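Working through the structure, step by step
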Amino acid sequence: MSLFHLDVLTAEQTVLSVDANALVATTVEGQIGILPGHVSLVTLLAPGELMVRMGAEAHSLAVSGGFLQVLGKDVVVLADACERADEIDVERAEEARRRAEEFLKAGAAETDSAAAEAALRRAITRIGVAERYRRRTWRRPVGREGIDR
């Protein structure tokens, strides 16, 4: 089976370092799929979900933006912020969403509203990734291991 090495990094930590056979990421131009042998590229990531497949095992991560680089058999994601789906605090994300929506409704200055819109996109991304993860694990039959860890 053909694989590539994936490192998902933030300024604070290595979030994931695995040999994978597929990656789906959200770029500023839309979703992109990476398979072994992909052409070299560098692209800007938008807030969204990273879906990593390693055989029967899969990981979902929420990314708030950053860069993705493919070079040979190495793929590197340099994320502004990144959380594994199973580690997302949904209540905290909902509160961040509410705060950002209230700030936007208040009609703040343009620079403040841009920051609030970015915060809103990050919160919505985190909530969506966490909900999709919980739906997939909720439907998982008892005894089936290695999927959506």
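For the structure, check the block above.
Below or above, wherever it landed, is the structure these notes cover. All of these numbers come straight from a predicted model, not from anything done at the bench. (Residues numbered from 1 in each chain as written. Predicted model: local features only at pLDDT ≥ 70, side-chain atom pairs only at ≥ 80, totals over all residues. Heavy atoms only, no water.)

Now for the overall build of the protein. When its secondary structure is counted, the protein shows two helices and 10 strands. For the protein, the α and β elements follow one another from N to C terminus as β-β-β-β-β-β-β-β-β-β-α-α. Taking all 149 residues of the protein together, 40% fall into the buried category. Split by element, the accessible area of the protein, about 8,700 Å² in all, is 52% carbon and sulfur. (Helix = DSSP H or I, 4+ residues; strand = E, 2+ residues; numbered from the N terminus. Buried < 20%, exposed > 50% of the residue type's maximum accessible area, 1.4 Å probe, protein only. Areas by Shrake-Rupley, 256 points an atom, 1.4 Å probe, with all protein chains shown as cover.)

In this structure the tally under the stated criterion is two salt bridges. The closest approach of N and O atoms between glutamate 95 and arginine 98, which form a salt bridge, is 3.2 Å. Highlighted residues: glutamate 95 and arginine 98, both in helix H1 (residues 90-105), separated by three residues, approximately one helical turn. Judged by relative accessible area, arginine 98 falls into the partly exposed class, the value being 37%. When the shortest N-O distance is used, the salt bridge between glutamate 95 and arginine 99 registers 3.9 Å. Here glutamate 95 and its partner arginine 99 are both found in helix H1, four residues apart, which amounts to about one turn of the helix. Of the residues examined, glutamate 95 reaches a relative accessible area of 34% and is grouped as partly exposed. Linked through salt bridges whose partners overlap, the residues forming this network are Glu95, Arg98 and Arg99. (Salt bridge = Lys/Arg side-chain N within 4 Å of Asp/Glu carboxyl O.)

One number sums up the size of the largest pocket: a volume of about 350 Å³. If you go around the largest pocket, you meet 19 residues; those closest to its centre are Glu83, Arg92, Arg122, Ala123 and Arg126. Looking at the lining of the largest pocket, the elements that each hand over two or more residues are strand E7 (57-63), strand E10 (82-84), H1 and helix H2 (110-139). Residue composition of the lining of the largest pocket, grouped by class: nine nonpolar, four polar and six charged. (1 Å grid on protein atoms, 1.4 Å probe; cavity = no way out; pocket = protein on both sides within 12 Å on 5 of 7 lines; lining within 4 Å. Points joined across faces, edges and corners; volume = space filled by probe spheres on them. Nonpolar A, V, L, I, M, F, W, Y, C, P; charged D, E, K, R; others polar.)

Quick look at the pairing of E7 now. Burial within E7 is extensive, with six of its seven residues counted as buried. With seven bridges connecting them, strand E6 (residues 48-54) and E7 associate as antiparallel partners. Among the inter-strand pairings, methionine 54 is bridged to a residue of E7, identified as glutamate 57. Connecting the antiparallel pair E6 and E7 is a turn made up of two residues, with glycine 55 showing a positive phi of about 65°. The pairing of E7 with E10 spans three bridges and is antiparallel. Counted as the bridge partner of alanine 62 is glutamate 83 from E10. (Pairing = 2+ DSSP bridges.)

On to the side chain of threonine 10, then. With respect to the helices and strands, threonine 10 occurs in the loop between strand E1 (4-9) and strand E2 (14-20). A residue is classified by how much of its surface remains accessible, and threonine 10, at 12% relative accessible area, is buried. Dropping the residues within four chain positions of it, threonine 10 is found in contact with Val15, Ala79, Ala81 and Cys82. (Contact = heavy atoms within 4.5 Å.)

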